[in-house]
Amino acid sequence: MRRLSFAVAAALFIACAIVAPAQSTRAARAITPPSSIPGPTDAGQRANTNIEIISGELIGGTPQAAGPPYSGYFYNTPASLACIYSLVSSGYSPQCNPNAPIPNAIGGSRAIAIVDAYDDPNAATDLQAFSTQFGLPPITASSFQVVYAPHGTTPVGACTGPATKPGTDPSGGWEVEESLDIEYAHGMAPAATLYLVEAQSNSFLDLFCAVSVAGSLVAAAGGGEVSMSWSSGEFSGEKSFDPVFTTPGVVYFASTGDSAGTSYPASSPNVVAVGGTSLSRDPVSGNFLGENVWQNTGGGPSPVEAVPVYQAGIVPVRSTPDVAAVANPDTGVWVLDSFNPPTGCPSQCWYIVGGTSLSSPLFAGIVNASNTFAASTYAQLIQLYGTNPTRLNDITLGSCGVYMGYFATPGWDYCSGIGSPKGYLRTPR
């Protein structure tokens, strides 16, 4: 079985290689794993993850039995995010402190499908242990399923050959990606049926075959969401992929990326593009102070796609993001992934993870739990852009983009779109 290289392992471990205690002035830093680093010829050919992982000082020790696995840190949990995004009453905790007792979000129905590349052999057992740690409903054989997609072929979204189990990721990052995606989709919509659809590789043909499989599964479940946390730089032929995201009854979400500029599939007008924010906390108390722009979030005007109806009068061309949610790894989330843990890490290895790979499944889960299923992504976007502004957190602080040239402003902007969730977004204008 493949082991992570020393360099990759050092980049990935966190609970066994976690930042110094919250009261310390020692700084942690975000590591970009190889799976999130695009190659010079990847655009339109291969996708990359959008995860960043905090690396710091080795502390070791046995995780706590419940709640945040290690005490003294203010990284986010499913409950603290539910509190911040008004899915539960903030009265349960002073400013949504992750170490205070806060109820989890409830709700969810029909289906959410997560599409990722390669196989995460421990996806189900990690999700079950994550649910136990944070007091979420346990998964069952019917509520969570791993589905293998065949290889992709032309035409776009078509599949060929048997649906065999994919290999594991040669770079070492996609397993953490998959754990992040399923754990936080489940955390926001714990009653939804959750599918993890694994593509044979991170090639676009394989991934969009998997997207087609995911869309069919969600449609057969009566509707729901598909989340795609991966991306590639935009490319001239991307419009040929846009029809993949039009399965009736299915709403497609995608991450906008973790660097300045635009990416695909988020730039498709048939996708809800989810950008990233930061959740500032008091460094002593851990109390939530406010939400602002994550400077590394992707976003901007597309050089390829025309302006869709829902953005008419706002921008001249299709522009991202549409919405946003937490992504800054410095205000990231606890993620459990036990596949090939680095040396010195407990068998259940806890990571602190951020990136817009978090934003997409998080937002998809919140929309699922709203129990207002849209007939298509287009219908969902019309609803989102028509949402009463009091039902969104309008992000008005910070900058992003090339040379930090975009600024958060009242209303839609290139850094945070129309804002982050404030409740379940059930109220149309």
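Bear in mind that the values here come from a model prediction, so they are computed numbers and not experimental data. (Residues numbered from 1 in each chain as written. Predicted model: local features only at pLDDT ≥ 70, side-chain atom pairs only at ≥ 80, totals over all residues. Heavy atoms only, no water.)

Trainee: Would you mind going over the pairing of strand S12 (residues 272–281) with me for this structure?
Mentor: On any regular strand, side chains alternate: one points to one face of the sheet, the next to the other face. Along S12, 9 of the 10 residues are buried, which leaves the element largely enclosed by surrounding structure. Pairing between strand S10 (residues 250–255) and S12: 3 bridges, direction parallel. Residue pairing in the sheet places phenylalanine 253 in a bridge with valine 272 of S12. Where S12 and strand S16 (residues 323–326) come together, 4 bridges link them in parallel fashion. Along S16, the bridge assignment pairs valine 274 with valine 323. (Buried < 20%, exposed > 50% of the residue type's maximum accessible area, 1.4 Å probe, protein only. Helix = DSSP H or I, 4+ residues; strand = E, 2+ residues; numbered from the N terminus. Pairing = 2+ DSSP bridges.)

Trainee: Would you mind going over the pattern of salt bridges with me for this structure?
Mentor: If charged atoms from side chains of opposite charge come close, those side chains can pair. A complete count under the given rule lists 3 salt bridges for this structure. Between aspartate 119 and lysine 165 there is a salt bridge, with its nearest N and O atoms 3.8 Å apart. One end of the pair, aspartate 119, is in the loop between strand S3 (111–117) and helix H3 (123–134); the other, lysine 165, is in the loop between strand S6 (158–160) and helix H4 (174–188), with 46 residues separating them in the sequence. A salt bridge links arginine 318 to aspartate 322, with the shortest nitrogen-to-oxygen separation between them at 2.7 Å. (Salt bridge = Lys/Arg side-chain N within 4 Å of Asp/Glu carboxyl O.)

Trainee: I tried to follow the packing of H3 against H4 on my own but got confused; where do I start?
Mentor: Axis angle and axis distance: for two packed helices, these are the angle between their axes and the distance between the axes, and together they describe the pair. At a minimum axis distance of 10 Å, the contact between H3 and H4 shows a crossing angle of 40 degrees. The angle between the axes of H3 and H4 places the two elements in the oblique class. Helix-helix and strand crossings are classified by hand; for H3 and H4 the assignment is right-handed. Together, Ala123, Asp126, Leu127, Phe130 and Ser131 of H3 and Ser179, Ile182, Glu183, Tyr184 and His186 of H4 make up the contact between the two elements. In the contact of H3 with H4, the residues fall into 5 nonpolar, 3 polar and 2 charged. (Axes fitted to C-alpha atoms, helices over the stretch in contact; angles between N-to-C directions. Parallel < 35°, antiparallel > 145°, perpendicular 65-115°, else oblique. Left-handed = near helix turned anticlockwise from the far one by under 90°. Contact = heavy atoms within 4.5 Å. Nonpolar A, V, L, I, M, F, W, Y, C, P; charged D, E, K, R; others polar.)

Trainee: Please explain the confidence of the model for the chain as it appears in this structure.
Mentor: Regions with low pLDDT carry predicted coordinates that are not meant to be interpreted in detail. A residue-level look at the chain finds 90% of positions with pLDDT of 70 or above and a mean pLDDT of 90. pLDDT under 50 marks residues 1–26. Its contacts with residues more than four places away, or in other chains, come to 77 contacts. (pLDDT = per-residue confidence, 0-100.)

Trainee: Just to check I follow, could you spell out the environment of leucine 87 for this structure?
Mentor: Position of leucine 87 relative to the elements: it lies in the loop between helix H2 (78–84) and S3. Among the residues examined, leucine 87 registers a relative accessible area of 11% and is labelled buried. If near-sequence neighbours (up to four positions away) are discounted, leucine 87 is found in contact with Ala82, Ala105, Met188, Ile366, Gly423 and Tyr424.

Trainee: So what exactly am I meant to see when it comes to the packing of aromatic side chains here?
Mentor: Two measures describe an aromatic ring pair: the distance that separates the ring centres and the angle between the ring planes. Taken as a whole and judged by the stated rule, the model has 27 aromatic pairs. Ring centres of tyrosine 310 and tyrosine 385 lie 5.4 Å apart, and the angle between their planes is 35 degrees; this geometry places the pair in the tilted category. With a gap of 75 residues between them, tyrosine 310 in the loop between strand S14 (300–306) and strand S15 (317–320) and tyrosine 385 in helix H7 (residues 377–385) connect regions that are remote in the sequence. Taken together through their ring pairs, the aromatic side chains of Phe204, Phe208, Trp230, Phe235, Phe241, Phe245, Tyr252 and Tyr264 make up a single cluster. (Phe/Tyr/Trp six-rings, centres within 6.5 Å; stacked < 30°, edge-to-face > 60°.)

Trainee: Hey, could you run me through the side chain of glutamate 238 in this one?
Mentor: As for its position among the elements, glutamate 238 is in the loop between strand S9 (232–233) and S10. No salt bridge forms around the buried glutamate 238; measuring N to O, its nearest opposite-charge neighbour lysine 239 is 8.0 Å away. Of the polar contacts made by the side chain of glutamate 238, one reaches the side chain of serine 267; its length is 3.2 Å. Beyond its immediate stretch of four places on either side in the chain, glutamate 238 contacts Tyr264, Ser267, Ser302, Val304 and Glu305. (Lys, Arg positive; Asp, Glu negative; His and termini not counted. Polar contact = N/O pair within 3.5 Å; in protein donor to acceptor, adjacent residues only side chain to side chain.)

Trainee: What exactly am I supposed to notice about the sheet that holds strand S1 (residues 29–31) here?
Mentor: The strands making up a sheet associate through backbone hydrogen bonding, with each pair oriented either parallel or antiparallel. Spatially, the 4 strands line up as an open sheet ordered S1-S2-S18-S17, and their pairing is antiparallel. Strands with a single pairing partner mark the edges of an open sheet, and in this sheet they are S1 and strand S17 (333–336). Pairs of neighbouring strands in the sheet enclose a mean axial angle of 50 degrees, with direction left out of account. As paired elements, strand S2 (residues 52–55) and strand S18 (residues 350–354) share 2 bridges and run antiparallel to each other. In the strand pairing of S18, glutamate 52 is matched with glycine 354. Here H3 sits on the sheet in contact with S17 and S18, set at roughly 135 degrees to S17.

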